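Given next are the chains, with one letter for each unit.
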Amino acid sequence: MSTSTNKKSLKGMLWTWAALTVVGVIIGLYAPAWIMPKSMSNNMHLTILTMVVFTVAAAPVAAGVYASALFALARWTHKGDDVPSAGPAVRENAMVVTTWLVVSTILTVFLLIWGLGALAVDNGSTGKNPLVVDVTGQQWVWSFSYPGTHVSSPDLYLPLNREVEFRVTALDVTHGFWIANMGVQVDANVGTITTIHTTPDKLGVFDIRCTQFCGLNHAFMVTVGHVVTAQQFTSWLASQPQRA
Amino acid sequence: MTTTLEQAKTAAIPQGGGLHRRLNMATAMIGGIVFAWLFWYLAHHFLDATSRTYSDQVAASLTIGWIVGFWLGIGAFVAPLRWLIGRDNTRADDLYLAGQGQGTSRYWKFTTDHKVVGVQYIIMTMVLLGAGGILAMAIRTELIVPGNHFVNQQVYNGFIAVHGMLMILALIVMVAGPWGNFVMPIMCGARDMAFPRLNALSLWTLVGAAGLLLTTLAVGSLTMGWVVLAPIADQAGVGMDFFAMAIIVFTVSTTVAGVNTICTILTMRTKGMTLARLPIFVWGVMIAAALGIYAFPFFSLVEAQTLMDRTFSTSFFVANAGGTGWLQANLFWLMGHPEVYVILLPAVGALFEIAAVMSRKPVFSYRTAVAGMTGLAGLSILVWAHHMFTTGWAPTLGGPFMLTTELISIPTGLFFLVLIGTLWRGNIWMKLPTIWMFGFIANFIIAGVTGIYLSDIPLDDQLHGTMFVTAHFHYVFVGSVLFGAVSALAFWYPKVTGRFLNEFMGRISFWLTFIGVQVTFLAMFASGLRGMPRRYSSYAFIFEHTNFMTTIGAYTIMAGMLVLLGAVITSWNKGEPAGPNPWHANSLEWMVPTPPPLENFEVLPVITEDPYNYGEELVRS
């Protein structure tokens, strides 16, 4: 095995790596937006963007492992039924180990910085006159009330482009309050209030599904929510029966 | 060597044994049932029937009776009791207990020989996997189309919890059980484990726990997912008491096994077997055992507290009586995350071993391999709260836990480096163990990358509690650990039986399972991304296609596993003969005859170098 053939075959591996990376990047760019629910809030834009960024960042690493494993399969598989002779007795290669450690650490730090930044944006409240909605989960329905209005409804209505603060609790067991179109999720715990924020930015309907197993009808604990214009929201509130 | 083998085959049953001559699995079952009845009877008559927790108290008593009777019936305490009354075991008694000359009947007894215990763990793993697999097929059949058709929701909810728990038990013992017992002591150059009777105790305790767990299906089941957290667990019937006791008993088994494993590795190594010369698999088993000793007591604790809440009306986890479910969730995940690595590390250690032997090269960067496994174990005890990002508990700790969780990708990345580095420029012998190892590499990348998404809180806020998470950890457990375990099975099977695992059937099984895993779990990722939560007994029509694909994929995995089962059974007596060292490896388990005789070595070997000197003799000579 001369050095030149070695270089030639390594070139094959590099091409495989490049091709697989491109495939990974394309999947990263298009698959999340294609598969995930239609984005209806600022949080969901960030969620989909993070999905894209992480997939694109992981693509070269995963492609590298696949390319080298495929290369090893193609290049160094022993032919024949006899016992293969010993390979080169390479025990250490400080260069390779160090490079790998440095690359994986840099990637991890990048992911972490992205994550912490996104977390700050994601969980931060803008504090600009948020609409407060009290969410209560019980087996197996959600109910929503709007403090200051005496309105309590089994349907969720949200005004467009106004921040919402969900204050979530449960009456019987733990439920999971999740709006798949808005990228927000928090558990509804008995005796505790948990809070999440989001700003709906698209008109339309969405599903609210329970993500914590809550008994017999867990699969059917689904409620429809609506994002409507501020005007429609005011008139919807006024049309609701007032409860003391 | 042949004389030893002949002697082992023709060795007469020793004269000793005492009470053990009459005890086996059947007497254990009878003992368990009789004592369960006795404890039930006493509880039924003497406990206050008007108590709110009466039925739970009776159920808990019954389960204690079961395990006490099971232990007595298998003879777990015969030897200590004899020691107490001054009639300690004689050499003949110990030889009887080790199963000398008893043929296959020793597999159904309290046998101390580590190789017998290893085979018992193989059987145990297959039984648990089979039972869990049947439930998985039932779940996927129910989910093939939207709506509830095949089983009702109550039964379905029981299936998902018991499927999860059975599979977790199966995974915990899948590699460390069979091979941590059968080959690990020989690899160290030991005649047996440090505490052979404790070894048998840990196996039979596991059998007793599994019995309790399976019984939950008959007594109203567990209907709240395998994590069984309060307050939903408070709504469960007596199945929950059976479950809690099964877990407490199970943690006794893992703790006993873990201590025994560590003592064996630290104290029983033969002359010259320094820690730096240990086969890398032994490191994997030892680190996993140490992590298990740390993790499983939390499991025991959390189930004991749950049981106290249910029987004595304490309120550790009862929110409206001053307790909190978050305490339970914390304790549970303090166990639950390290447990993943208790499952993974023995498989990874075995794959390093197999990579070296099958590519005829030393393990690439042995130190990196040990450091990676140790680092992973160390980090894994600091990441538990990433399972609780969306619970609302301590949002301010989100950042720190995101940091520790993402750091996990560094030691995990080292595993790929060591595996690929070992294969690099080797002469790769494409036999069954190698094929399944490549499957592991392919799947473990997907498992790792999807884990990164989940470690990121803004993404986890979207993906937590969905089928995406389910698909992620199935890539870890089925795609990675199962592939590693089958690789290890194919690798060491010739040492157990003297025959190769059928290569053709093994390859058919590989392709069915490998393709099945991709179809099943890639489609499941899509279900989760689309917005389908976990533990759903039915779903909206938008999830129809991906669920159908998942079910078809799951059937393919089942077919693959059935072919593997067929290969294991048919090759046991009829497979191609393999000889004592079919892979021409250098570690000690291949230096002894097949099957290894009782106490393994006639003369304990002296070690002068590690077992990875492929190619180095040439250089020296």
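Computed from a predicted structure; not experimentally measured.

This part takes up the interface of chain B and chain A. Contacts between chain B and chain A engage 75 residues on the former and 69 residues on the latter. Take the side of chain B that touches chain A: its biggest share by element is eight residues, from helix H16 (residues 409-423) of chain B. Along the lines of polarity and charge, the residues of the side of chain B that touches chain A split into 37 nonpolar, 29 polar and nine charged.

All names here are of chain A. Across the sheet, which stays open at both edges, the five strands sit in the order E3-E2-E1-E5-E8 with mixed pairing between neighbours. The open sheet terminates on both sides in strands that have one partner only, identified here as strand E3 (151-153) and strand E8 (194-198). Here the strands of the sheet are splayed against their neighbours by 25° on average, with no regard to which way each runs. The pairing of strand E5 (residues 164-170) with E8 spans five bridges and is antiparallel. When the bridges of E8 are listed, Val-168 appears paired with Thr-194.

Glancing now at the environment of Val-481 of chain B. Residues and elements named next belong to chain B. Turning to its location among the elements, Val-481 is positioned in helix H19 (residues 467-497). Of the residues examined, Val-481 has 27 C-beta atoms within 10 Å and is grouped as buried. Val-481 sits 452 residues away from Met-29 along the chain, and the two C-alpha atoms are 32 Å apart. Non-local contacts of Val-481, meaning those with residues more than four positions away in its chain, are made with Leu-171, Met-174, Ile-343, Leu-344, Ala-347 and Val-476.

A few words on the domain arrangement of chain A. Residue and element names in this part refer to chain A. Partitioning chain A into structural domains gives domain 1 (3-76 + 93-123) and domain 2 (131-239). Its C-alpha centre places domain 1 at a distance of 36 Å from the equivalent point of domain 2. In the side of domain 1 that touches domain 2, the residues fall into four nonpolar, five polar and one charged.

Residue and element names in this part refer to chain B. Here chain B is partitioned into domain 1 (13-111) and domain 2 (112-620). Its C-alpha centre places domain 1 at a distance of 29 Å from the equivalent point of domain 2. The interface is formed by 25 residues belonging to domain 1 together with 21 residues belonging to domain 2. At the level of elements, helix H2 (25-46) and helix H3 (54-74) are the ones that each hand at least two residues to the side of domain 1 that touches domain 2. Per-element tally for the side of domain 1 that touches domain 2: the top contributor is H3, with 11 residues. Here the residues of the side of domain 1 that touches domain 2 sort into 14 nonpolar, eight polar and three charged.

Quick notes on the rules
Residues numbered from 1 in each chain as written. Chains lettered and ligands numbered in written order. Predicted model: local features only at pLDDT ≥ 70, side-chain atom pairs only at ≥ 80, totals over all residues. Contact = placed C-beta atoms within 7 Å. Helix = DSSP H or I, 4+ residues; strand = E, 2+ residues; numbered from the N terminus. Nonpolar A, V, L, I, M, F, W, Y, C, P; charged D, E, K, R; others polar. Pairing = 2+ DSSP bridges. Axes fitted to C-alpha atoms, helices over the stretch in contact; angles between N-to-C directions. Buried ≥ 20, exposed ≤ 12 C-beta atoms within 10 Å, placed from the backbone. Domains from an automatic or database assignment.

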